[in-house]
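Now for the letters of each chain:
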Amino acid sequence: MTSHDLQNPAPQKPQNQISGTIDGLYETHLPVADLPRSRAFYQDILGLTLAHELPQRRVEFYWVGSPDSAMLGLWETGSAPLGMQLHFAFRMAAADIHRLCDQLSQRGIQPLGLIGEKITEPTVIGWMPALSVYCKDPDGHSIEFIAKLPEPPDLGFSHGPYSRWQQRDNSSRP
């Protein structure tokens with residue numbers, strides 16, 4: 001057993017919870033101010049595939065990956081019950097995240113780090129560890145692109161650029 005296992009034991013399910021394991025997020029929905037503008041972002045820039053649209057309700061649904069993977073619903077202002085800025089993360093391969101800062105910048109989208117700082121390379125969240133890049137959609141929602149790293153967590157590395165993650169001193173790692 002490692003020190004990580006002692007600090008982060010596997011969670012125990014309380015007796016009153018439903019059986020089965022929740023192993024991912026299938027769908028999420030966002031309120032948007034301008035559906036055509038959001039379509040241009042999610043479909044034309046991020047490459048999500050339109051699954052279904054309901055023009056009379058001003059809503060569009062997009063597949064995230066395959067139809068079995070996940071779905072994103074975009075509800076134009078006034079058609080959704082919420083009017084706030086939200087956050088969600090898309091799972092991606094690490095190789096794709098390494099190219100993402102350049103790809104977003106080339107499209108006029110500012111890549112951001114964990115606390116909203118401008119970045120030019122992916123950041124690492126040490127406790128997971130995971131590689132990530134954030135950006136804002138046209139409505140200010142926080143979009144994260146994330147890939148878990150195969151290395152063990154490093155609780156001493158809060159978050160920072162991937163290049164700094166790679167340069168860590170091996171003696172300070174658990």
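Quick caveat, the model's predicted, so the values are computed rather than measured.

Asks: Explain helix α2 (residues 35-45) to me, please; I cannot follow it from the model alone.
Replies: Owing to its 3.6 residues per turn, the α-helix brings residues three or four apart onto one side. For α2, every residue scored as buried is listed here: L35, S38, F41 and Y42. When α2 is viewed along its axis, its buried side chains cluster within an angular range of 125° and face the same direction. Between a side-chain oxygen at the N-terminus of α2 and the backbone nitrogen of R37 the separation is 3.1 Å; the capping residue is D34. Downstream of α2 by one or two residues, G47 has phi in the positive range, about 85°.

Asks: What should I look at first to understand the pairing of strand β8 (residues 142-148) in this one?
Replies: Within a regular strand, the side chains alternate between the two sheet faces. A large share of β8 lies buried, amounting to 6 of its 7 residues. In terms of strand pairing, strand β5 (residues 87-91) meets β8 through 5 bridges, oriented parallel. Counterpart to F90 in the pairing with β8 is F145. A loop of 5 residues connects strand β7 (residues 130-136) with β8, the two strands running antiparallel in sequence, and G140 in this loop sits at a positive phi of about 85°.

Calculation notes
- Residues numbered from 1 in each chain as written.
- Predicted model: local features only at pLDDT ≥ 70, side-chain atom pairs only at ≥ 80, totals over all residues.
- Heavy atoms only, no water.
- Buried < 20%, exposed > 50% of the residue type's maximum accessible area, 1.4 Å probe, protein only.
- Helix = DSSP H or I, 4+ residues; strand = E, 2+ residues; numbered from the N terminus.
- Arc of directions from axis to C-beta.
- Polar contact = N/O pair within 3.5 Å; in protein donor to acceptor, adjacent residues only side chain to side chain.
- Pairing = 2+ DSSP bridges.

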